[in-house]
Amino acid sequence: MAARRPERFTESSPGLFPELVEQEPIAAPPTEDESAAKLFAEVALNRPVTREFSYGVPEELESDVVPGVRVAVPFGSRREIGVVVRVKEESGYKSGRVRDIHRVLDKEPVVDAGLLDLTRWMADEYACAWGQTLGAILPAPLKREREARKQKVISACADIPEEALQLLEEKWPKQHRLLRTLMEIGVRVEFMEILRKTKLSDSPAKKLAEKGLVKIEYIEPTIEELGGSGADRIRPEKLSMGQSWAVRVATEKLEARENETFVLQGVTGSGKTEVYLRVIEKALELGRGAIVLVPEIALTPQTVGWFKSRFDSVAVLHSRMTDTQRLRMWMRVKHGEARVVVGARSAIFAPVADLGVVVVDEEHEPSFKQGITPRYHARDVAVRRAKEAGAVCLLGSATPSLESWHRAMQHEFRFLKLPERIGGRELPPVELVDIKLEPRSRARKHGEIFSRRLEEALGETQKRGQQSILFLNRRGFTPVLWCVDCHATITCEHCSSSMSYHRRIDRLVCHLCCEERRVPAGCTVCTSPRLSSMGVGVERVEAALKDIMPEARVRRMDSDTMLRREDYEETLSAFGRGEIDVLVGTQMIAKGLDFPGVTLVGIISADTSLHLADFRAAERTFQLIEQVSGRAGRGEHQGRVVVQTSSPESPSIKLASTHDFDGYAAMELADRKLMVFPPFARVIRVVFEHEDKEQAETFGLRCANELKAAKIQDATILGPSLAPMALVRGRHRFNMMAKCVTDEAHVDVRTRLLELVGTGATGRNAVRATIDVDPVSLF
């Protein structure tokens, strides 16, 4: 159901509390700019206001101004780029004071009617401005009046003296962090990409350039498609019974041009990808296009190779592309030169004509939810786009999200199940090891990391010449440094988070804001020199493994070692060639990998996500264990899995050890129903942030009181209360949550929230209020 656009909310009143949420100034149009046009265009601007703006269409531009084209328009004293969403004969302003469009930027619409409708639905559904959703679907160069022809890159200069690094570390730590990272990478990298990775502004880079320590250049961009050969993936002559049925049912709908959404639940290694490929083959035969979404982390050369081995015209869209590369690939799709698009979250907006198939692989993945405005979920947008296009939508996973599972159980979606692995291979048996019962002995090296059973299994696998994967979703060497005397932990000054020790750089690092510091000589509270580490990170696992198995070839994959996409590709290629015996990593290795030589998977700690203050914690734990376990035994040899845990009695861990998704889903759904959480209610989360804790809390309380006073039927308002991560980058954070049992309640709450806090319009002293519809995390 589409949300009602709040009539009280205008560009001059972003909320009910203007003293806390600064208003966006909009200059009155000067009289001399008044339009004499006979036609008017409604233009959506990428600004946080829930309305479109009327502009006059000069007579000489009347034939060019149609819905979907970009235009340059005056906005206050500035010139903005917007998208025409409607052409009309009246301006809608009683005063008649309307300014003219300056320039039309396109010869044909860049946004077709289908994507215009989709982005309007997104604006209503995710409580944001239409211009913001249109901004999300366009490549960055199309958001500017003039396309940037060159790519901005940065690199460290050669032969930087050690004393220069020491001086930077003492006086300018952010510059030191950036320079050290560039020196580790060793080659020039895309400018904005390295800033995103280090969570820095451009100021440290400019200062380093002034000092002659880095070089900032503008180069001609090249198309660097994510490659990978799929030659080793032979098209099977015969499908399994489950695959044949799934392909038949989906292609029947495709041939009839009827929309239907299927939940393709298949155990790991059951051949879901082959089902996708066959359905896409049929779509291409019928002259239709396809979009395949995969989690960014699973967008490997191997994955892409599977599609390129079958289809000649594949466009790949991923986050490491430069703006120019993305635009060129986008235009290939728009002009019909590529009929199959494979990519991460934003690929759902690719301008594929006559869309026939939309695939969302690993549809349960939280990375399909965007973390900035518009905060859309690509899975739900995919379902909507397929519906509007009369296309087939395939939601594939071994562990479907409970929302998709429930909708299939309610017959909104349709189940397609692949209960067995290809070739009749058995799922790997999972052995739970209760680490609380492990004997503590100084005779065993690193016994606090590796149980006896896991250490034995690693040795046996090594002797057989097979490969192992060790998983721990925690970066660094140790996550906590604490004082033995006063029990205080070393925390970040800007975040409510402990700082993790990273041995390779010999620094404490905050994983929220990337702030770094040297390890102090003593406790920061009581000055005691007795500091001790607590817990295990993946860097420590790697070091311990090399210590107990010096003959093994070990490689680590996490965001600290995979600084470039090439690092990721090279490591996976080496693992595929058998040049690595044990791959140690974080969630980077949890999915998207299909290596027949892997017969052992070890999960160092299954409890990492289990005890988080989030109603999805148990679901995430089950999914992670099942997904990581699925990497084992995909070849001719039987696989096995060893799961270390301090909570073996936890239902999510116990049921994951028997691969019993149906049993887990039934149990978890019963709990969700009792607690009125999704899928039995829709949640809207609002986060209030400010440097001043009292201001953030006051604004949150006033908004919550307004909502509660409205007495919205079938809606429960909770909070505000301190967020689990109560301080991030120096801003205090409060959570407010609305549980909506009906669609009507959800629409009403969204509408009132827009009236209260707007779509994120902020100023220097404003309380930042962020509306997150259907959040995947409450942190």
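What this report covers is the structure whose coordinates are included nearby. Worth saying up front: this structure is predicted, and the values here are computed from it rather than measured.

Moving on to the overall build of the protein. Tallying secondary structure elements over the protein gives 20 helices and 30 strands in all. A globule of 779 residues ought to have a C-alpha radius of gyration of about 28 Å, and the protein, at 27 Å, matches this closely. Principal axes of the C-alpha set define a box for the protein whose edges measure 90 × 70 × 60 Å. When each of the 779 residues of the protein is scored for burial, the buried share is 56%. On the protein, roughly 33500 Å² of surface is accessible, and the fraction owed to carbon and sulfur atoms is 49%. Both charge centroids of the protein, one from 113 positive and one from 112 negative side chains, sit 2 Å from each other.

Enumeration over the complete set of coordinates arrives at 11 aromatic pairs. Taken together, a centroid distance of 4.4 Å and an interplanar angle of 10 degrees make the contact between Phe615 and Phe677 stacked. Placement of the pair is Phe615 in the loop between strand 25 (598-603) and helix 16 (617-629) and Phe677 in the loop between helix 18 (661-675) and strand 27 (682-690), with a sequence separation of 62 residues. The exposure class of Phe677 is buried, given its relative accessible area of 14%. Following the ring pairs from residue to residue traces out a cluster consisting of Trp405, Phe415, Phe622, Phe661 and Tyr664. Over the ring of Phe677 we find Lys739, and its NZ or CZ is 3.9 Å from the ring centre.

On inspection of all chains with the given rule, the structure shows 61 salt bridges. In this structure, Glu448 engages Arg540 in a salt bridge whose closest nitrogen and oxygen atoms are separated by 2.7 Å. On the criterion of sequence distance, the pair formed by Glu448 in the loop between strand 16 (430-434) and helix 13 (452-463) and Arg540 in helix 14 (residues 538-548) is long-range, its members being 92 residues apart. Its relative accessible area of 17% is what places Arg540 among the buried residues. If you follow the salt bridges from partner to partner, you end up with Arg235, Glu274, Arg278, Glu281 and Arg310 in one network.

Moving on, we get to the environment of Val83. Here Val83 lies in strand 4 (residues 78-88). Classification of Val83 by relative accessible area gives buried; the value is 5%. For the pair Val83 and Arg326, spaced 243 residues apart in sequence, the C-alpha separation works out to 20 Å. Setting aside residues no more than four positions away along its own chain, Val83 makes contact with Glu42, Val43, Ala44, Gly68, Val69, Arg70, Val111, Leu116, Leu134 and Leu138.

Sheet architecture is open: three strands sit in the order 7-6-8, paired in antiparallel fashion. Edge strands, defined here as strands with exactly one partner in the open sheet, are strand 7 (189-190) and strand 8 (214-219). Two elements, strand 6 (residues 151-156) and strand 7, share two bridges in a ladder whose sense is antiparallel. Residue pairing for strand 7: Val153 is matched across the bridge by Glu190.

On to helix 12 (residues 402-409). Here helix 12 lies mainly inside the structure; six of its eight residues are buried. Listed in full, the buried residues belonging to helix 12 are Leu402, Glu403, Ser404, Trp405, His406 and Ala408. Packed against the buried residues of helix 12 are strand 9 (260-266), helix 11 (378-389), strand 14 (392-397), strand 15 (414-418), helix 16 and helix 18. Note on helix 12: the residue one or two positions beyond its end, His411, has a positive phi of about 65 degrees.

Taken in spatial order, the three strands line up as 19-20-21 in an open sheet, and their pairing is antiparallel. Both edges of this open sheet fall to strand 19 (500-502) and strand 21 (516-517), since each of them pairs with a single strand only. Taken together, the three bridges between strand 19 and strand 20 (residues 507-509) define a ladder with antiparallel strand orientation. Bridge assignment links Ser500 to a residue of strand 20, and that residue is Val509.

Turning our attention to the nonpolar core. By size, the foremost hydrophobic cluster in this structure holds 73 residues, and its most contacted members are Val111, Leu134, Leu293, Val341, Val381 and Phe688. Core analysis: the next-biggest nonpolar cluster, separate from the first, contains 37 residues, Val430, Phe595, Ile603 and Val643 among them.

Time to look at the side chain of Arg556. Along the chain, Arg556 turns up in strand 23 (residues 554-557). With relative accessibility at 7%, the residue Arg556 sits in the buried group. Not counting the four nearest positions on each side in its chain, Arg556 is found in contact with Val538, Glu539, Glu542, Thr561, Met562 and Val584.

In terms of burial, strand 14 is a largely internal element, six of the six residues being buried. Of the two faces of strand 14, the one lined by Val392, Leu394 and Gly396 and the one lined by Cys393, Leu395 and Ser397 are each fully buried. Pairing analysis gives six bridges linking strand 9 to strand 14, with the strands arranged parallel. In the sheet register, Gln265 faces strand 14, and the bridge partner there is Ser397. One ladder, built from five bridges, connects strand 13 (residues 355-361) with strand 14; its direction is parallel. Bridge pairing in strand 14 places Val358 opposite Cys393. For the segment spanning strand 13, helix 11 and strand 14, crossover handedness is right-handed.

Here the focus is the environment of Thr658. Here Thr658 lies in the loop between helix 17 (651-656) and helix 18. Under the relative-accessibility criterion, Thr658 is labelled exposed at 52%. Linking Thr658 and Glu90, residues 568 residues apart in sequence, is a C-alpha distance of 66 Å. Polar contacts involving the side chain of Thr658 include one to the main-chain carbonyl oxygen of Leu655, which spans 3.0 Å.

Note that Arg99 resides in the loop between strand 4 and strand 5 (103-104). At 3.2 Å, the side chain of Arg99 forms a polar contact with the backbone oxygen of Gly76.

Glancing now at the packing of helix 3 (residues 162-171) against helix 4 (residues 173-185). The interhelical angle for the contact between helix 3 and helix 4, taken along N-to-C directions, is 140 degrees, at an axis separation of 6 Å. As summarised for this structure, helix 3 and helix 4 are arranged oblique, according to the angle between their axes. Across the interface between the two elements, Leu165, Leu168, Glu169 and Lys171 from helix 3 touch Pro173, Gln175, His176, Leu179 and Met183 from helix 4. Here the residues of the contact of helix 3 with helix 4 sort into five nonpolar, two polar and two charged.

The rules behind each value
- Within every chain, residues take consecutive numbers counted from 1 along the sequence as written.
- Per-residue local features of the predicted model are confined to residues with pLDDT of at least 70, and side-chain atom pairs are confined, for both listing and counting, to 80 or more; whole-chain, interface and lining totals are unaffected and use all residues.
- Side-chain measures were taken over the full set of non-hydrogen atoms in the model, leaving aside hydrogen atoms and water.
- Secondary structure follows DSSP: runs of H or I at least 4 residues long count as helices, runs of E at least 2 residues long count as strands, and numbering of each begins at the N terminus.
- Within these notes, the globule rule equals 2.2 Å times the number of residues to the 0.38 power, and the radius of gyration is based on C-alpha atoms.
- Exposed residues in this analysis have more than 50% of their type's maximum accessible area, buried residues have under 20%, and partly exposed residues fall in between, with area computed by a 1.4 Å probe over protein chains only.
- The protein chains shown are the only cover counted for residues, whose accessible areas, like all others here, come from Shrake-Rupley with a 1.4 Å probe.
- Asp and Glu are treated as the negative residues and Lys and Arg as the positive ones, with His and the ends of the chain left uncounted.
- By convention, the charge on Lys lies at NZ, on Arg at CZ, on Asp at CG and on Glu at CD.
- Classification of ring pairs uses Phe, Tyr and Trp, with its six-membered ring standing for Trp, and accepts pairs whose centres are within 6.5 Å; under 30 degrees between planes counts as stacked, over 60 as edge-to-face, and the remaining range as tilted.
- The rule for a charge over a ring is simple: NZ of Lys or CZ of Arg within 6 Å of the ring centre, and within 35 degrees of the ring normal.
- Salt bridges are identified by distance alone: a Lys or Arg side-chain nitrogen within 4 Å of an Asp or Glu carboxyl oxygen.
- Two residues qualify as a contact provided that any one of their heavy atoms is within 4.5 Å of a heavy atom in the partner residue.
- Pairing between two strands requires that DSSP report at least two bridges joining them.
- Throughout, nonpolar core names a set of buried Ala, Val, Leu, Ile, Met, Phe, Trp, Tyr and Cys residues whose side chains join them through atoms within 4.5 Å.
- When the strands point away from the viewer, a crossover counts as right-handed if the route from the first strand across the helix to the second turns clockwise.
- We define a polar contact as two N or O atoms separated by no more than 3.5 Å, with the added condition that, inside protein, one atom must be a possible hydrogen donor and the other a possible acceptor, whereas residues neighbouring each other in sequence contribute only through side-chain atom pairs.
- What counts as an axis is a line fitted to C-alpha atoms, over the stretch in contact for a helix, and the angles between N-to-C directions run from 0 to 180 degrees.
- We call two directions roughly parallel when the angle between them is under 35 degrees, roughly antiparallel when it is over 145, roughly perpendicular when it lies between 65 and 115, and oblique otherwise.
- Residue classes follow a fixed rule: Ala, Val, Leu, Ile, Met, Phe, Trp, Tyr, Cys and Pro count as nonpolar, while Asp, Glu, Lys and Arg count as charged, and any other residue, Gly among them, counts as polar.

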